[in-house]
Amino acid sequence: MKLACIKWCINKCVGVLTALTEQPNMSVFQYFFKLSMLLSLLPNSVMPNSQKSTGFPICSDVECPTNFVIGYGEGFEVRVYDTIVWMSTSPFPDISFDSAAHKGFSQQLNYLLGMNEYKKIMNMTAPVITQASQTESSDEPFWLPSFVVSFNLPKENEADPPPAEGLNVTKWESPTYVAVREFHTSTGERLTDSEVFKEAEALNASLASSTTWSPLNSSFWLAQYEYSSRSAEIWMMLNETKIVGLGSL
């Protein structure tokens, strides 16, 4: 099942799931049996809501961070984001972006389904963003990438995020300026690291030649709106003090 369908099903079933979990005599088997029955009754079509903050169709169905496109460069667009509260994993070593994103999303999905200190079930959001850095492992004789995977908390849960082991709250203050390069994989169903780094290098090169936009640093994020999708984005944060000609926003 595609991630978009999973996200929509979770959002539509939140109220029913909450009611089910309030029945103390229900066994785990009974709980998941009833859940599977509910999901099987859901229609295949998705009824859109009013939220749509990117060009990805899923943002018509789940909450995405509020943003506005304020400019364009060679192969990228510039968005200004409102405040975003992220729930992020602790840094962990892994072999690839794809593997790390899958592992991080699994942890966050459990969190949204109620595996948190408040036992609260929350709506799905998009995108899931993954950041890599180099870290030295004490167990291996070589350098391993270290990853942090994050998703934006639903607005209604930002004021009091349910705590959970292994997850941390981080915040991007408004306004946050981000250069975004969308791309589509051509090598298969999954994104490869070579594609991710190729696109990140292309975005960095475009920003280096720009007279208007300047990256804050060399860090970048891989943004995935649907895990099974062949489309994704590279994000690089911009130094707003060097943005020219925007005036007041």
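Residues numbered from 1 in each chain as written. Predicted model: local features only at pLDDT ≥ 70, side-chain atom pairs only at ≥ 80, totals over all residues. Heavy atoms only, no water.

**A few points about the overall build of the chain**
Right, on to step 1. The helix and strand tally for the chain stands at 4 helices and 10 strands.
Right, on to step 2. The linear arrangement of helices and strands in the chain, starting from the amino end, is α-α-β-β-β-β-α-β-β-β-β-α-β-β.
Right, on to step 3. Buried positions account for 46% of the 249 residues belonging to the chain.
Right, on to step 4. Total accessible area computed for the chain in this model is approximately 13,200 Å², and 55% of it derives from carbon and sulfur atoms. (Helix = DSSP H or I, 4+ residues; strand = E, 2+ residues; numbered from the N terminus. Buried < 20%, exposed > 50% of the residue type's maximum accessible area, 1.4 Å probe, protein only. Areas by Shrake-Rupley, 256 points an atom, 1.4 Å probe, with all protein chains shown as cover.)

**Looking at the environment of Y111**
Right, on to step 1. The topology assignment puts Y111 in helix α3 (residues 97–112).
Right, on to step 2. Separated by 11 residues in the primary sequence, Y111 and M122 have C-alpha atoms spaced 8.4 Å apart.
Right, on to step 3. Discounting chain neighbours no more than four positions away, the residues touching Y111 are M87, N116, K120, M122, F151, L153, P161, P162, P163, A164 and L167. (Contact = heavy atoms within 4.5 Å.)

**Structural notes on the packing of aromatic side chains**
For any pair of aromatic rings, the description consists of the separation of the ring centres together with the inter-plane angle of the planes.
Right, on to step 1. Throughout the structure, instances matching the rule amount to 10 aromatic pairs.
Right, on to step 2. When the ring of F97 is compared with that of F197, the centres are 5.7 Å apart and the planes differ by 70°; the resulting orientation is edge-to-face. Taken as a pair, F97 in helix α3 and F197 in helix α4 (residues 193–208) lie far apart in primary sequence, 100 residues in all.
Right, on to step 3. Relative accessible area serves as the criterion here: at 36%, F197 is assigned to the partly exposed category.
Right, on to step 4. In textbook terms, an aromatic cluster arises when at least three aromatic residues are bridged by ring pairs, as seen for Y81, W86, W172, W221 and W235. (Phe/Tyr/Trp six-rings, centres within 6.5 Å; stacked < 30°, edge-to-face > 60°.)

**Focus: α3**
Residues that lie three or four places apart on an α-helix share one face, since the helix turns once every 3.6 residues.
Right, on to step 1. Taking 1.5 Å of rise per residue, the 16 residues of α3 would be expected to cover 22 Å, and the 22 Å separating its terminal C-alpha atoms lies within 8% of that figure.
Right, on to step 2. Of the residues flanking the end of α3, it is G114, one or two places downstream, whose phi is positive at about 110°. (Expected span 1.5 Å × (residues − 1).)

**So, the pattern of salt bridges**
Right, on to step 1. Here the structure, examined in full by the defined rule, presents 6 salt bridges.
Right, on to step 2. E77 is the partner of R79 in a salt bridge, and the nearest nitrogen-oxygen pair spans 2.7 Å. Note on accessibility: R79 and E77 belong to one class, buried.
Right, on to step 3. One connected set of salt bridges, linked through shared partners, spans E77, R79 and E233. (Salt bridge = Lys/Arg side-chain N within 4 Å of Asp/Glu carboxyl O.)

**Focus: the nonpolar core**
Right, on to step 1. By size, the foremost hydrophobic cluster in this structure holds 36 residues, and its most contacted members are Y111, L207, L222 and I234.
Right, on to step 2. Of all elements in the fold, only β2 (76–81), β3 (84–89), α3, β6 (143–152), β8 (176–184), α4 and β10 (231–237) reach the threshold of two or more residues within this core.
Right, on to step 3. The biggest single contributor to this core is α3, with 6 residues. (Core = buried A, V, L, I, M, F, W, Y, C linked by side-chain atoms within 4.5 Å.)

**Examining the side chain of N157**
Right, on to step 1. The topology assignment puts N157 in the loop between β6 and β7 (167–172).
Right, on to step 2. Those residues within four positions of N157 in sequence are excluded, and the remaining contacts are K120 and M122.

**Describing α4**
Right, on to step 1. Between its first and last C-alpha atoms α4 spans 22 Å; for 16 residues at 1.5 Å apiece the expected length is 22 Å, and the two agree.
Right, on to step 2. All of the buried residues in α4 are E195, V196, E199, A200, L203, S206 and L207. Along the axis of α4, the buried residues cluster in a sector spanning 130°; they form a single face. Facing away from the buried side of α4, by more than 90 degrees, are the exposed residues S194, K198, E201 and A208. (Arc of directions from axis to C-beta.)

**A word on unusual backbone geometry**
Trans peptide bonds make up most of the peptide bonds, and negative phi angles are found at most residues other than glycine.
Right, on to step 1. Note the cis peptide between A126 and P127, where omega equals 0°.
Right, on to step 2. With respect to the helices and strands, P127 occurs in the loop between α3 and β5 (128–136).
Right, on to step 3. Along the chain, S174 connects to P175 via a cis peptide bond; the corresponding omega equals -5°.
Right, on to step 4. Here P175 lies in the loop between β7 and β8.
Right, on to step 5. Positioned with a positive phi, K119 is a non-glycine residue whose angle comes to about 55°.
Right, on to step 6. Mapped onto the fold, K119 is located in the loop between α3 and β5.
Right, on to step 7. On the basis of relative accessible area, K119 is assigned to the exposed category, the value being 68%.

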